[in-house]
Amino acid sequence: MKHVRLGKAGPSISTLGLGCMGMSGIYGPSHRADGIATIHAAIDAGINLLDTGDFYGMGHNEMLIGEALKGVSRDKIIISVKTGALRDVAGGFNGTDNRPAALKNFVTYSLQRLGVDHIDIYRPARLDPNVPIEETVGAIADMIKAGYVRHIGLSEVGAETIRRAAAVHPIVDLQIEYSLISRGIEDKILPQCRDLGIGITAYGVLSRGLISGHWQKGDGQSKGDFRAHSPRFQGKNVERNLALVEALRQIAETKGVTVAQIAIAWVAAQGRDIIPLIGARKVERLEEALGSQAVHLSAADLAAIETAVPQNAAAGGRYPETMLAHLDSEK
Ligand SMILES: NC(=O)c1ccc[n+]([C@@H]2O[C@H](COP(=O)([O-])OP(=O)(O)OC[C@H]3O[C@@H](n4cnc5c(N)ncnc54)[C@H](OP(=O)(O)O)[C@@H]3O)[C@@H](O)[C@H]2O)c1
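Residues numbered from 1 in each chain as written. Predicted model: local features only at pLDDT ≥ 70, side-chain atom pairs only at ≥ 80, totals over all residues. Heavy atoms only, no water.

(A) Structural context of the packing of helix H1 (residues 32-44) against helix H2 (residues 60-68). At their nearest, the axes of H1 and H2 sit 9 Å apart, and the two run at 55° to each other. Considering their axes alone, H1 and H2 lie oblique with respect to each other. Taken as a pair, H1 and H2 cross one another with a handedness that is right-handed. Contacts from Arg32, Gly35, Ile36, Ile39 and His40 in H1 reach His60, Met63, Leu64, Ile65, Glu67 and Ala68 in H2. The residue makeup of the contact of H1 with H2, split by class, is six nonpolar, three polar and two charged. (Axes fitted to C-alpha atoms, helices over the stretch in contact; angles between N-to-C directions. Helix = DSSP H or I, 4+ residues; strand = E, 2+ residues; numbered from the N terminus. Parallel < 35°, antiparallel > 145°, perpendicular 65-115°, else oblique. Left-handed = near helix turned anticlockwise from the far one by under 90°. Contact = heavy atoms within 4.5 Å. Nonpolar A, V, L, I, M, F, W, Y, C, P; charged D, E, K, R; others polar.)

(B) Region of the structure containing the pairing of strand E5 (residues 78-83). Across the six residues that make up E5, a large majority, six, are buried. Of the two faces of E5, the one carrying Ile78, Ser80 and Lys82 and the one carrying Ile79, Val81 and Thr83 are both buried. Relative to E5, strand E4 (residues 49-53) runs parallel, the two being bridged by five bridges. Its bridge partner being in E5, Asp51 is matched across the sheet by Ser80. Following the chain from E4 across H2 to the adjacent parallel E5, one finds a crossover that is right-handed. One ladder, built from four bridges, connects E5 with strand E8 (residues 119-124); its direction is parallel. Its bridge partner being in E8, Lys82 is matched across the sheet by Arg123. (Buried < 20%, exposed > 50% of the residue type's maximum accessible area, 1.4 Å probe, protein only. Pairing = 2+ DSSP bridges. Right-handed = clockwise from strand over helix to strand, strands pointing away.)

(C) Structural context of the side chain of Thr52. In this fold, Thr52 is placed in strand E4. Here the side chain of Thr52 touches Asn61 through a polar contact of 2.7 Å, side chain to side chain. Contacts of Thr52, omitting those with residues within four sequence positions, involve Asn61, Glu62, Ile65, Ser80, Val81 and Lys82. (Polar contact = N/O pair within 3.5 Å; in protein donor to acceptor, adjacent residues only side chain to side chain.)

(D) Inspection of the packing of aromatic side chains at higher detail. Taken as a whole and assessed by the stated rule, the structure comprises five aromatic pairs. Seen from their ring centres, Phe55 and Tyr56 are 4.9 Å apart, and the 75° between their planes marks the pair as edge-to-face. By relative accessible area, Phe55 is classed as buried at 8%. Assessed through its relative accessible area of 8%, Tyr56 is described here as buried. (Phe/Tyr/Trp six-rings, centres within 6.5 Å; stacked < 30°, edge-to-face > 60°.)

(E) Quick peek at the pattern of salt bridges. In the structure shown here, the tally under the stated rule is 20 salt bridges. The partner of Arg123 in a salt bridge is Asp173, and the shortest N-O contact between them spans 2.9 Å. Taken as a pair, Arg123 in strand E8 and Asp173 in strand E10 (residues 173-177) lie far apart in primary sequence, 50 residues in all. Residue classification places Arg123 among the buried positions, given a relative accessible area of 1%. A salt bridge links Asp142 to Lys145; the nearest nitrogen and oxygen atoms lie 3.6 Å apart. On the criterion of helical spacing, the pair formed by Asp142 and Lys145 is a turn pair, its members being three residues apart in helix H4 (residues 133-146). Overlapping salt bridges, with partners in common, bring together Glu156, Glu177, Arg318 and Glu330 in one network. (Salt bridge = Lys/Arg side-chain N within 4 Å of Asp/Glu carboxyl O.)

(F) Quick peek at the site of the ligand. The immediate surroundings of the ligand are formed by 31 residues, with Tyr27, Asp51, Arg126, Arg281 and Glu288 found nearest. Here Val205 contributes a backbone N or O atom positioned 3.4 Å from an oxygen atom of the ligand. Note that an oxygen atom of the ligand is positioned 3.4 Å from one of the backbone N or O atoms of Ser207. Starting from 880 Å² of accessible surface for the ligand in isolation, the protein chains cover 96%. Those elements that provide at least two residues to the shell around the ligand are strand E12 (274-278) and helix H9 (283-290). Ranked by residue count, the leading element in the shell around the ligand is H9, at three residues. Here the shell around the ligand is composed, by residue class, of 13 nonpolar, nine polar and nine charged. (Near = heavy atom within 4 Å. Areas by Shrake-Rupley, 256 points an atom, 1.4 Å probe, with all protein chains shown as cover.)

So this is what it looks like as structure tokens:
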């Protein structure tokens, strides 16, 4: 596993990160033992970046990571935590609270659940419309001075917010959706990050499983599965999107690799500053994702992929309309 510096001021991280969200229910039922085995297999393979959110499973995800990291040298792992999203007992989302006093409270609980004395990268999951980004970043900068946090990241914010945040304190990365079928960052957000030396940790690289090559129409209907309500997975949209996957499969087969490996390798090929976060919940999926590291995409391959899945080819938005409306990155 290769390592790169995240942004111009960040830590050294593996060229693939493991996103742990799916281990705490967002994609239907998940199994604790599978999650822990996947985290251990990722570390054994040289992945050092683990991404979580304090609201994933309402604390469950951080406790799972804490359990998996028992006995693992703290210095070997870069833990990225998102915060500020508010949940209810039933799992509903109730907005965002990025006030400095709230963040000081949230970080205290995260450290306890993870069982660590510091978080490597701490980031607001969404922009809080009621709190200037300068105040949020300033509060995390105070945590850095106090030793509880090492670096500041952002998530799903637009170019102007990125610029304002970076004027307060160096930002190491922006976490944002980026894949063959979600290319919205290319116009303004990616150039702004590059201008400021901010890395990208890309999520949804497989569009939540849709372009993994394993998805079939009718999957993902279990209670609490995000995809049961996501526009890209509905009716005619999913049929059109799966036709794109079949076009991609032809390229994958020619190269003797899988569709998921092509999709992950495509994101990685867009720049050394872009790190795919893999949402594997099981060791076999992780192993498939690790295989993407050996996939070299030539200029001809990239052109063939572009023809198979042209920009804006996806049918349906990447989030339901009500959720898109809260994304600063979409404004
Ligand atoms: N900042 C944000 O707003 C934000 C939002 C979402 C996610 N994230 C972070 O990004 C991480 C990854 O996001 P994501 O869940 O959208 O990722 P993703 O990799 O696009 O999708 C994960 C889904 O793809 C399936 N899959 C099929 N083949 C796979 C393979 N070879 N490797 C990995 N997954 C495969 C998974 O497996 P199975 O269903 O078979 O287990 C899972 O259901 C999350 O865990 C989270 O840490 C951040």
